[in-house]
Amino acid sequence: MTHLRRTLGRSHLRWLLAVLASCLLLAACASEDGDAGDEEAADDATDEAAEETATEAADDEAADDEAAADGATEAAANRSGETITIGWIPWEEDIAVTNLWHAILEENGYTVEQQQLDAGLLFDGLATGDLDLFLDAWLPNTHADYWEEYSDQVADLGVWLPEAPLTWAVPSYLEDINSIEDLADNAEMFDGQIVGIESSAGLTRISRDEVIPAYDLGDSYELVESSTPAMLAELDNAIGNEEPIVVTLWRPHPAYAEYDIKDLEDPQGALGEPDEIHAVARQGFADDFPEVAAAMEAFEFDNDTLSELEVQVLEEEGQELEAARAWLEENSDYVNQWLEGTALEL
């Protein structure tokens, strides 16, 4: 009996030890599973937080873009009904840049009106406030008379083309005519005519009052004062028939790309040093349209790009504005340089 109790006691002890070991093993496994679960839960929480942050950032960026677009739309809407009147003369570069700025300003919500005028009436319109802008003031030579009279009544917005010379030109097939000096002994060849442009143009004044006297051409030549389109028609007709002609011209001009012509040398310097082309405005324009004035001050062209614009805008008469819009769409990066930092945009 005693032996049996000892045997049962040892068995009971072994059973207790086995149960205790199993409990300890289960506890260890549970602890490991818990740590793994905690780590997995932490990783899931981190991933979820990162996703939420990225989503919030994307939403913020989209909201900023939408706000900027709404701001631009609202700014353009606020300008709706504000009218800017641009005066112009029928010179190719002026037609081209006037229609380009017409397109830019309309894109930004302005109403634009154009008025073609002679140079004298144009400067007078700026002085009286009837016009807002003129983009083709040639200074200091070509429009010197008008600038002397009106410079204190208009605002200079700056130079957009730094070198624009006046010229007299002939077809290149006139191999023996290379200088204005050569004209004196060849009046009969040209029927005693120098084909000019508008009587109000500075080029006409300089040709009549400076160049003709300097080369003693007054007795043998007449300066035919007509219009720029009429001069170009005469040039086209003469070259088509390989006839002699001398015309008053200027650079930049698409005629140099369209025809094989050459500038006559001017050893007397009677045509003057090359001009700069300025944008000018009525007094107070910068106060009324500060963003436009700021863009005009940054406005600039190189000759090659200007020539491309001229050719495209003037290619089809009557469609100048549509052509300027097409050029603007193709060259928005070039134009956006002028608009940077202003409220204007494309």
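The coordinates are above.
Once a new chain begins, its residue numbering starts again from 1 and follows that chain's sequence as written. Residue-level local features of this predicted model are given only where pLDDT is at least 70; pairs of side-chain atoms are given and counted only at 80 or more, and the full residue set underlies all totals for whole chains, interfaces and linings. With hydrogens and water set aside, each side-chain value is computed from the structure's full complement of heavy atoms.

Patch membership is restricted to residues that have no salt bridge and whose relative accessible area is over 30%. Joining uses 9 Å for like charges and 5 Å for the nonpolar side chains Val, Leu, Ile, Met, Phe, Trp and Tyr. Note on areas: Shrake-Rupley with a 1.4 Å probe; residue coverage comes only from the protein chains shown. Within this document, salt bridges are pairs made up of a side-chain nitrogen of Lys or Arg and a carboxyl oxygen of Asp or Glu, the two lying within 4 Å of each other. Charge convention: Lys and Arg are scored as positive, Asp and Glu as negative, and His as well as the terminal groups of each chain are ignored. All charge positions are set by atom: Lys at NZ, Arg at CZ, Asp at CG, Glu at CD. Residues Asp124, Asp130, Glu148 and Glu149 make up a contiguous surface patch of negative charge. Assignment of secondary structure puts Glu149 in helix α4 (residues 144-150). Strands here mean DSSP runs of E at least two residues long; helices mean DSSP runs of H or I at least four residues long; both are numbered from the N terminus.

One open sheet holds the five strands; their spatial order is β2-β1-β3-β10-β4, and the pairing between them is mixed. Across the chains shown, the open sheet's two edge strands, defined by having one partner strand only, are β2 (111-116) and β4 (154-164). Direction aside, neighbouring strands of the sheet carry axes that sit 25° apart on average. Against the sheet, helix α9 (residues 290-298) contacts β1 (83-88), β3 (133-139), β4 and β10 (275-282), and its axis sits at roughly 25° relative to β4. Note on pairing: DSSP must find at least two bridges between two strands before they are called paired. The angle between two axes is taken between their N-to-C directions and runs from 0 to 180 degrees, where each axis is a line fitted to C-alpha atoms and a helix contributes only its stretch in contact. Throughout, a residue-residue contact means that at least one pair of heavy atoms, one from each residue, lies within 4.5 Å.

It is worth spelling out the environment of Trp138 at this point. Structurally, Trp138 is set in strand β3. A C-alpha to C-alpha distance of 9.3 Å links Trp138 and Pro274, two positions 136 residues apart in sequence. If near-sequence neighbours (up to four positions away) are discounted, Trp138 is found in contact with Trp91, Glu93, His143, Ala164, Pro165, Leu166, Trp250, Arg251, Asp275, Glu276 and Ile277. A 3.5 Å cut-off defines polar contacts: any pair of N or O atoms within that distance qualifies, except that in protein one atom must be a possible hydrogen donor and the other a possible acceptor, and neighbouring residues in sequence count only when both atoms are side-chain atoms. At 3.1 Å, the side chain of Trp138 forms a polar contact with the side chain of Asp136.

Looking now at the side chain of Asn99. Mapping Asn99 onto the fold places it in helix α2 (residues 92-107). At 2.8 Å, the side chain of Asn99 forms a polar contact with the backbone oxygen of Ile95. A polar contact is formed between the side chain of Asn99 and the side chain of Gln114, at a distance of 3.1 Å. Those residues in contact with Asn99 that sit more than four places away from it in its chain are Gln114, Glu320, Leu321 and Ala324.

Turning to unusual backbone geometry, a few remarks are in order. In the segment running from Leu139 into Pro140, the intervening peptide bond is cis, with an omega of 10°. The omega torsion of the bond from Arg251 to Pro252 falls at 5°, within 30 degrees of zero and hence cis. For Asp191, which is not glycine, the phi torsion reads 55° and is therefore positive. You can see Asp191 is positioned in the loop between β5 (166-171) and β6 (193-195). Of note in the backbone geometry, Glu242 takes a positive phi value of approximately 50° without being a glycine. Following the sequence through the fold, Glu242 ends up in the loop between α6 (228-240) and β8 (247-250).

The rule is simple: take the accessible area with a 1.4 Å probe, protein chains only, and divide by the maximum for that residue type; under 20% is buried, over 50% is exposed, in between is partly exposed. Counting buried positions along β1 gives five out of six residues, so the element sits mostly inside the fold. Examined bridge by bridge, β1 and β2 share six bridges and lie parallel to one another. Within β2, the position partnered with Trp88 by the bridge is Gln116. By convention a crossover is right-handed if, when the strands point away from the viewer, the path from the first strand over the helix to the second runs clockwise. Between the parallel pair β1 and β2, the chain is carried across by α2, and the sense of this crossover is right-handed. Note: β1 against β3, two bridges, orientation parallel. Across the sheet, Gly87 pairs through a bridge with Phe134, a residue of β3.

On to the packing of aromatic side chains, then. For Phe, Tyr and Trp, rings pair up if their centres lie within 6.5 Å, where Trp contributes its six-membered ring, and each pair is then called stacked (planes under 30 degrees apart), edge-to-face (over 60) or tilted (otherwise). Applying the stated criterion across every chain yields a total of 18 aromatic pairs. Seen from their ring centres, Trp91 and Trp138 are 5.4 Å apart, and the 85° between their planes marks the pair as edge-to-face. Remark: Trp138 occurs in strand β3 and Trp91 occurs in the loop between β1 and α2; sequence separation between them is 47 residues. An identical accessibility class is assigned to Trp91 and Trp138; each is buried. Note on Phe299 and Phe301: the rings are 6.0 Å apart at their centroids and 80° apart in plane angle, and the pair reads as edge-to-face. Assigned by exposure class, Phe299 and Phe301 land together as buried.

Moving on: the pattern of salt bridges. Counted by the stated rule, this structure contains seven salt bridges. Asp288 is paired through a salt bridge with Arg282; the nearest N and O atoms lie 3.0 Å apart.

Turning to α6, a few remarks are in order. Three- or four-residue spacings in an α-helix give side chains the same orientation, since the helix completes a turn every 3.6 residues. For α6, built from 13 residues, the straight-helix expectation of 18 Å at 1.5 Å per residue is met to within 8% by its first-to-last C-alpha distance of 18 Å. Looking only at α6, the buried set comprises Thr228, Met231, Leu232, Leu235, Ala238 and Ile239. Here the buried residues of α6 occupy an arc of 125° about the axis, which is enough to place them on one side. Exposed side chains of α6 directed beyond 90 degrees from the buried face belong to Pro229 and Gly240. On its buried face, α6 is in contact with α2, β5, β6, β8, α7 (255-258) and β9 (261-263). For α6, the capping residue at the N-terminal end is Ser227, with a side-chain oxygen 3.2 Å from the backbone nitrogen of Ala230. A helix's residues, less one, multiplied by 1.5 Å, set its expected span. Each C-beta atom gives one direction from the helix axis, and the arc is the one those directions make.

Any functional reading would require information beyond the geometric quantities listed.
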